[in-house]
Amino acid sequence: MSKKFLIRLLVGLSFLAAAVFYLLSALDVEPFTQFNLAWAGLLFSGVSGLAFLLGALTTKNSTQLKKLQVLLGTILLIVAALCLISALALPNNLVLPICLVVAAAGLVLGLLFTGAKNWDTADNQKVGYKNYYQRKEEEEKNKPDDDNSDIPNF
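These numbers come from a predicted model, not from an experiment.

A.B. asks: Give a description of the side chain of Gln69 that names residues and reports values.
C.D. replies: Among the structural elements, Gln69 can be located in helix 3 (residues 63-88). Judged by its relative accessible area of 15%, Gln69 is buried. Polar side-chain contacts of Gln69 include one of 3.0 Å to the backbone nitrogen of Ala56. Once residues lying within four places of it in the same chain are set aside, the contact partners of Gln69 are Phe52, Gly55, Ala56 and Thr59.

A.B. asks: Explain the packing of helix 2 (residues 37-58) against helix 3 to me, and be specific about the residues and the numbers.
C.D. replies: Between helix 2 and helix 3, whose axes approach to 7 Å, the crossing angle comes to 160°. Accordingly, the angle class assigned to the pair helix 2 and helix 3 is roughly antiparallel. Pair helix 2 / helix 3 crosses with left-handed handedness. Here the residues of the contact of helix 2 with helix 3 sort into 17 nonpolar, nine polar and one charged.

A.B. asks: Summarise unusual backbone geometry; cite the residues concerned and give the values.
C.D. replies: For Asp28, which is not glycine, the phi dihedral falls at a positive 60°. When its relative accessible area of 59% is taken as the criterion, Asp28 is described as exposed.

A.B. asks: Talk me through a nonpolar patch on the surface; I want residue IDs and the actual numbers.
C.D. replies: Residues Phe5, Leu6, Leu9, Leu13, Leu16, Val20 and Phe21 make up a contiguous nonpolar surface patch of roughly 590 Å² in combined accessible area. By secondary structure assignment, the location of Leu9 is in helix 1 (residues 3-26). Its relative accessible area of 37% is what places Leu9 among the partly exposed residues.

A.B. asks: Account for the pattern of salt bridges, naming residues and giving values.
C.D. replies: This structure, assessed with the given rule, holds three salt bridges. Among the salt bridges present, the one from Lys141 reaches Glu137, with a minimum N-O distance of 3.9 Å. You can see Lys141 and its partner Glu137 sitting in helix 5 (residues 132-142), four residues apart, about one turn around the helix. For Lys141, a relative accessible area of 65% translates into the label exposed. Overall, the relative accessible area of 48% leaves Glu137 in the partly exposed class.

A.B. asks: Please set out helix 3 residue by residue, giving values where relevant.
C.D. replies: An ideal rise of 1.5 Å per residue puts 38 Å on 26 residues; helix 3 measures up with 37 Å between its terminal C-alpha atoms. Within the span of helix 3, buried status applies to Thr63, Lys66, Gln69, Val70, Gly73, Thr74, Leu76, Ala80, Ala81, Cys83, Ile85 and Ala87. Summarising the contacts, the buried residues of helix 3 are in contact with helix 2 and helix 4 (95-114). Phi turns positive, to about 55°, at Ala89, one or two residues after helix 3.

Definitions and limits used
Each chain carries its own residue numbering, running from 1 in the written order of its sequence. Whole-chain, interface and lining totals are the exception, using all residues; otherwise, since this is a predicted model, local features are given only for residues with pLDDT of at least 70 and side-chain atom pairs are given and counted only at 80 or more. Only hydrogens and water are removed before side-chain values are computed, so all heavy atoms of the structure are retained for them. Numbered from the N terminus, helices here are DSSP runs of H or I no shorter than four residues, and strands are runs of E no shorter than two. When a residue's accessible area, from a 1.4 Å probe over protein chains only, is under 20% of the maximum for its type it is buried; when over 50% it is exposed; and in between it is partly exposed. Throughout this description, a polar contact denotes any pair of N or O atoms lying within 3.5 Å of each other; where both atoms belong to protein, one of them has to be capable of donating a hydrogen while the other can accept it, and for residues adjacent in sequence the pair is counted only when both atoms sit in side chains. Residue contacts are defined here by distance: any two heavy atoms, one from each residue, within 4.5 Å place the two residues in contact. Think of each axis as a best-fit line through the C-alpha atoms, taken over the contacting stretch in the case of a helix, with angles from 0 to 180 degrees between the N-to-C directions. In this scheme, roughly parallel covers angles under 35 degrees and roughly antiparallel covers those over 145, while 65 to 115 is roughly perpendicular and the rest are oblique. Left-handed describes a crossing whose near helix is turned anticlockwise from the far helix through less than a right angle; right-handed describes the clockwise counterpart. When residue character is reported, Ala, Val, Leu, Ile, Met, Phe, Trp, Tyr, Cys and Pro are called nonpolar, Asp, Glu, Lys and Arg charged, and the others, Gly included, polar. Like-charged residues within 9 Å of one another, or nonpolar side chains (Val, Leu, Ile, Met, Phe, Trp, Tyr) within 5 Å, are grouped into patches, provided each residue has over 30% relative accessible area and no salt bridge. Every accessible area reported is derived by Shrake-Rupley at a probe size of 1.4 Å, with residue values counting cover from the shown protein chains alone. Only one rule defines a salt bridge in this text: a Lys or Arg side-chain nitrogen within 4 Å of an Asp or Glu carboxyl oxygen. A helix is expected to span 1.5 Å multiplied by its residue count minus one.

Here's what the structure looks like:
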């Protein structure tokens, strides 16, 4: 199985679990009577956020894709934090600090996962780069010396 499939399966199973638990709470099944939509949102967005972060960790050679996955994972983890605050009925003065901690963790993970690579590194910053004049000079050195070089061959 591929890594992408496992991550997608994990997200799908979390959605299924959240939906089944919410259905059981609506049917008043005893252990799930306290399960509400906030807990379902927490379950789905938390697992999806972690899956996006795991996907960013396993993605190779695509810095932009890694950064997008880290951003989406961080946003989903912020949604999970908001759902947790709603489910536990925590005071409103904890909302902003929790969201800021999750966002800061997402920024740090983005730096760690991408290795702080620039996706648009210019050619002239690469080792061994020759500019136009250096390439032309090298061409002239390698060009054979012919007496009839200015007469075209047909």
